[in-house]
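Residue-level listing of the chains:
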Amino acid sequence: MRALAASVLVAASLGAQQRPAYLDESLPFEQRARDLVSRMTLEEKVMQMKDVAPANVTLPLAVSSLAYWNESKRGWEVECETVRLLVGASSADIRARTTIDVVP
């Protein structure tokens, strides 16, 4: 369940990308659950059923998901470097911290 919870929290922080159905609280639970499970690999589903899901999670992200607006350049920019990743319910409720390497 830890991997599933981390996936949901990280996906919630992706920003301007199209919001997945499983994050839309106005949809019925069954529809949200179907959407979330449909995004999982077979291995992830098996690990959830065994209740031995690993604490480490790999989430494929487009590098553009980490872009920020550079006012001086008047455009979006991605710095390829090591950055801090904070996971939580809000900025006041950070539950996990790590670093990630941003590569093109």
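Everything here concerns the structure above.
Residues numbered from 1 in each chain as written. Predicted model: local features only at pLDDT ≥ 70, side-chain atom pairs only at ≥ 80, totals over all residues. Heavy atoms only, no water.

Engineer: What is the right way to read the overall build of the chain from this model?
Structural biologist: Per the secondary structure count, the chain includes three helices and four strands. In the chain, the succession of α and β elements from N to C terminus is α-α-α-β-β-β-β. Each of the 104 residues in the chain was classed as buried or not, and the buried ones make up 17%. Here the analysis covers contacts within the chain between residues at least 6 apart in sequence; of these, 32% occur between residues at least 24 apart. By element, 55% of the accessible surface of the chain is carried by carbon and sulfur atoms, the whole surface being about 8100 Å². (Helix = DSSP H or I, 4+ residues; strand = E, 2+ residues; numbered from the N terminus. Buried < 20%, exposed > 50% of the residue type's maximum accessible area, 1.4 Å probe, protein only. Contact = heavy atoms within 4.5 Å. Areas by Shrake-Rupley, 256 points an atom, 1.4 Å probe, with all protein chains shown as cover.)

Engineer: How do you make sense of a nonpolar patch on the surface when you look at a structure like this?
Structural biologist: A grouping of Leu59, Leu61 and Leu66 is seen on the molecular surface, where their side chains present a nonpolar patch of about 210 Å² in accessible area. Tracing the backbone through its elements, the reader meets Leu66 in the loop between helix H3 (42-50) and strand S1 (68-70). Residue classification places Leu66 among the partly exposed residues on the basis of a relative accessible area of 35%. (Patch = residues over 30% accessible without salt bridge, like charges linked within 9 Å, V, L, I, M, F, W, Y side chains within 5 Å. Salt bridge = Lys/Arg side-chain N within 4 Å of Asp/Glu carboxyl O.)

Engineer: Help me understand the environment of Cys80 in this model?
Structural biologist: The topology assignment puts Cys80 in the loop between strand S2 (75-77) and strand S3 (82-88). What makes Cys80 partly exposed here is its relative accessible area of 45%.

Engineer: Is there a simple way to think about unusual backbone geometry in this case?
Structural biologist: Positive phi values are uncommon outside glycine, yet Arg74 reaches one of about 50°. Following the sequence through the fold, Arg74 ends up in the loop between S1 and S2. Residue classification places Arg74 among the exposed positions, given a relative accessible area of 59%.

Engineer: In this structure, what is going on with the packing of aromatic side chains? I would like to understand it.
Structural biologist: Within a pair of aromatic rings, the relevant descriptors are the distance that separates the centres and the angle that separates the planes. Counted by the stated rule, this structure contains one aromatic pair. Ring centres 5.6 Å apart and planes at 80° place the aromatic pair Trp69 and Trp76 in the edge-to-face group. Residue class for Trp69 comes out partly exposed when judged on its relative accessible area of 41%. (Phe/Tyr/Trp six-rings, centres within 6.5 Å; stacked < 30°, edge-to-face > 60°.)

Engineer: Is there a simple way to explain the side chain of Glu77 in this structure?
Structural biologist: Mapped onto the fold, Glu77 is located in strand S2. Separated by 2.7 Å, the side chains of Glu77 and Tyr68 make a polar contact. One polar contact links Glu77 to Asn70, side chain to side chain, over a distance of 3.1 Å. Ignoring any residue separated from it by four or fewer positions in sequence, one finds Glu77 in contact with Leu66, Ala67, Tyr68 and Asn70. (Polar contact = N/O pair within 3.5 Å; in protein donor to acceptor, adjacent residues only side chain to side chain.)

Engineer: I'm lost on the pattern of salt bridges in this one. Help?
Structural biologist: It is possible for side chains of opposite charge to pair when their charged atoms get near one another. Scanning the model with the defined rule gives four salt bridges in all. Here Lys73 ties to Glu77 by a salt bridge, and the two come within 2.9 Å at their closest N and O atoms. A relative accessible area of 16% places Glu77 in the buried class.

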